[in-house]
Amino acid sequence: MGNFNFPLNLHLLLYVLVIISLIPASVSEIQNTRIADDSRPMILFERFGFSENGNVAVSVKDFSWKSTQHNAELEPSTMGFFLVRDASFPRIFNESEYADNFCVLWSRFVKIIFKFDNPSALNGSMLIDEPDEYSLIFGNCQSETKVTMDVHTEMYNIQDGNKNFLPAGQSPLPRLYFVFFLIYTIFLGVWVFICFKERSDIHKIHLIMGALLIFKALKMICASEDKMYVRKTGTPHGWDVAFYVFGFLKGIMLFTVIVLIGTGWSFLKPYLQEREKKVLMFVIPLQVMENIASVIIAETGPATKDWLTWNQIFLLLDVACCCAVFLPIIWSIRGLREASKTDGKAARNLEKLTLFRHFYIVVVGYLYFTRIVVPAVLAIISYRFEWVMTAADEGASLVFYLFIFHNFHPTRKNPYLVIHDEDEVAAAHMLEEDDSFEL
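Caption draft 1: Expanded view of the packing of helix 3 (residues 173–197) against helix 4 (residues 204–233). Packing of helix 3 against helix 4 leaves a shortest axis separation of 8 Å and a crossing angle of 160°. Regarding the angle of helix 3 to helix 4, the classification is roughly antiparallel. Here helix 3 runs over helix 4; the crossing is left-handed. Grouping the constituent residues of the contact of helix 3 with helix 4 by class yields 19 nonpolar, four polar and three charged.

Caption draft 2: Local environment of helix 5 (residues 239–263). In this model, helix 5 (25 residues) spans 36 Å end to end at C-alpha, consistent with the 36 Å of a helix rising 1.5 Å per residue. Taken across its 25 residues, helix 5 has 18 buried, putting it largely inside the fold.

Caption draft 3: The side chain of Ser224, seen in detail. Counting through the fold element by element, Ser224 comes out in helix 4. Classification of Ser224 as buried rests on a relative accessible area of 5%. Each residue touching Ser224, except ones within four places of it in the same chain, is listed here: Pro174, Tyr177 and Phe178.

Caption draft 4: Spatial organisation of the environment of Tyr360. Within the secondary structure, Tyr360 is located in helix 9 (residues 346–378). Taking the C-alpha atoms as reference points, Tyr360 and Ile333, 27 residues apart in sequence, are found 9.4 Å from one another.

Caption draft 5: Representation of the pattern of salt bridges within the structure. By the definition in use, this model includes eleven salt bridges. In this structure, Asp37 and Lys66 form a salt bridge, with 3.6 Å as the shortest nitrogen-oxygen distance. Of the two residues, Asp37 is situated in strand 1 (residues 30–38) and Lys66 in strand 3 (residues 54–67); the sequence distance between them amounts to 29 residues. With a relative accessible area of 43%, Lys66 lands in the partly exposed category. In this structure, the salt-bridge partner of Glu95 is Arg108, at a minimum N-O distance of 3.9 Å. Residue Glu95 is found in helix 2 (residues 89–97), and its partner Arg108 is found in the loop between helix 2 and strand 5 (111–115); the two are separated by 13 residues along the sequence. Judged by relative accessible area, Arg108 falls into the exposed class, the value being 69%. Shared partners join several salt bridges into a network, and the residues in it are Arg85, Lys111, Glu130 and Asp132.

Caption draft 6: Layout of the confidence of the model for the chain. Across the chain, the average pLDDT comes to 81, with 81% of residues at or above 70. Model confidence for the chain, summarised as mean pLDDT per element, is weakest for helix 11 (residues 424–433) at 46 and strongest for helix 3 at 96. Taken as a whole, residues 1–8 scores under 50 in pLDDT and shows 29 contacts with residues more than four places along the chain or in a different chain. For the stretch residues 416–431, pLDDT sits under 50, and the model shows 32 contacts to residues farther than four places along the chain or on other chains.

Caption draft 7: Structural context of unusual backbone geometry. Phi is positive for Asn53, which is not a glycine, with a value near 65°. With respect to the element layout, Asn53 can be found in the loop between strand 2 (42–49) and strand 3. Its identity as a non-glycine residue notwithstanding, Asp160 has a phi of 55°, on the positive side. You can call Asp160 exposed: its relative accessible area is 75%.

Caption draft 8: Examining the pairing of strand 2 more closely. With eight of eight residues buried, strand 2 lies mostly within the body of the structure. For strand 2 and strand 7 (residues 133–140), the ladder comprises seven bridges, and the chain directions are antiparallel. If you follow Leu44 over to strand 7, its bridge partner there is Ile137.

Caption draft 9: Quick peek at the packing of aromatic side chains. If you walk through the whole model with that rule in mind, you get 20 aromatic pairs. Here the aromatic rings of Trp191 and Phe405 are separated by 4.7 Å at their centres, their planes lie at 80°, and the arrangement is edge-to-face. With a gap of 214 residues between them, Trp191 in helix 3 and Phe405 in helix 10 (residues 386–407) connect regions that are remote in the sequence. Among the residues examined, Phe405 registers a relative accessible area of 4% and is labelled buried. By the ring-pair criterion, three or more aromatic residues cluster together here, those being Tyr184, Phe187, Trp191, Tyr366, Phe400, Tyr401 and Phe405. Taking the ring centre of Tyr156 as reference, the NZ or CZ of Lys163 above it sits at 4.6 Å. The ring of Phe196 is capped by Arg199, whose NZ or CZ atom sits 4.5 Å from the centre of that ring.

Caption draft 10: Representation of the sheet that holds strand 7. Pairing is antiparallel across the open sheet formed by four strands, whose spatial order is 2-7-4-5. On the outer flanks of this sheet lie strand 2 and strand 5, each paired with one strand and no other. Taking the axes of each pair of neighbouring strands and ignoring which way they run, one obtains an average angle of 20° across the sheet. In the sheet, strand 4 (residues 79–85) pairs with strand 5 via four bridges, with the strands oriented antiparallel.

Caption draft 11: Examining the nonpolar core more closely. Of all hydrophobic cores here, the largest spans 58 residues; its most connected members are Tyr184, Met209, Phe359, Val363, Tyr401, Ile404 and Phe405. Of all elements in the fold, only helix 3, helix 4, helix 5, helix 6 (274–300), helix 7 (307–324), helix 8 (326–340), helix 9 and helix 10 reach the threshold of two or more residues within this core. Per-element accounting of this core gives the leading share, eleven residues, to helix 4. The next biggest cluster of nonpolar side chains, apart from the first, holds 25 residues, and it includes Val60, Phe81, Ile113 and Met126.

Rules behind the numbers
Residues numbered from 1 in each chain as written. Predicted model: local features only at pLDDT ≥ 70, side-chain atom pairs only at ≥ 80, totals over all residues. Heavy atoms only, no water. Axes fitted to C-alpha atoms, helices over the stretch in contact; angles between N-to-C directions. Helix = DSSP H or I, 4+ residues; strand = E, 2+ residues; numbered from the N terminus. Parallel < 35°, antiparallel > 145°, perpendicular 65-115°, else oblique. Left-handed = near helix turned anticlockwise from the far one by under 90°. Nonpolar A, V, L, I, M, F, W, Y, C, P; charged D, E, K, R; others polar. Expected span 1.5 Å × (residues − 1). Buried < 20%, exposed > 50% of the residue type's maximum accessible area, 1.4 Å probe, protein only. Contact = heavy atoms within 4.5 Å. Salt bridge = Lys/Arg side-chain N within 4 Å of Asp/Glu carboxyl O. pLDDT = per-residue confidence, 0-100. Pairing = 2+ DSSP bridges. Phe/Tyr/Trp six-rings, centres within 6.5 Å; stacked < 30°, edge-to-face > 60°. Lys NZ or Arg CZ within 6 Å of the ring centre and 35° of its normal. Core = buried A, V, L, I, M, F, W, Y, C linked by side-chain atoms within 4.5 Å.

Written as structure tokens, this is what we have:
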């Protein structure tokens, strides 16, 4: 029997589990996965939070194998599916350190669903008597053996006598997303009313901001329907496609709004400078690629060979987008400081600078909270409270939207558009003395 470097593969699997916690994905809990010529010692299929009386079922069809060694024989007891808790990985690692030719399927810290002892009946199910978050993994302790198979998996909890295919920590999500859909619908109605009331002061940016609210509301209702159908049937019934489409449009509109407001377009000036156009042309394709990576991640699952690579691409593109949107804001702040020294309108520039500084701080806080804080907390809290972090993430987005729409709504009193009769000398002195406007 071949052996494999178990500690190395355990570390890689732990890394994959961390990555999973960082990437939000819309997935179904009834999955069909194709594995082709794969020699990985451990293949992670899913993570699922079980409550009491949870159930997992796995079946395999069209199984075949081939070895890189001549005259090799398949040892069925060294292949199989099992469940394992995150807390058990260090214990399994410790076992592997003190055992020769260690096979993870022999560990006392895993729950075996079935082994490949009977090639004609490759299926099994298990009732979960210890609620926790488990990882479903295929183990192959013959490192020289490549396997090909079609795997069907079902994971669910029993709630009120019915199957609930959502993990225990995601059960409240359909209702939560619907509540946010209602909030954004009301938000959109208020925005349309304000724009109609102040229609003489509407700029193109206000129309783009309205489009952002439309796509955000549509994304929320699609997310709600997606999760509702997954909860009841295990599959999204096409709502995942709508979710991807409106999520894609919302992502592009959000970063476009941040960049355009950061440049002062249609507020300070009716045009974009060449460098600002380049930023916009950089951010939009990045958002397109990021959303493509997100769809591939959600639709393929961690069992796919290239899944980890797509996750890394997603994170890299997201970081690049977040960094790029700061450039126009920084340029605008520096430009206003320089203008305040020459145009004699210190009071007006001071108010604009204050608004831009607040905008910069809020953008930094929003991106930091949603990209770093939420995933970090999600990785350490109990799996039963996953929905709480989703609520925190969406709540932060709502607060961010309220800040933008409140400070940049169409009005004659907008600090961008009005020159006040304040003391120009005092304002000029403040601009010279206060270094808080420097980034």
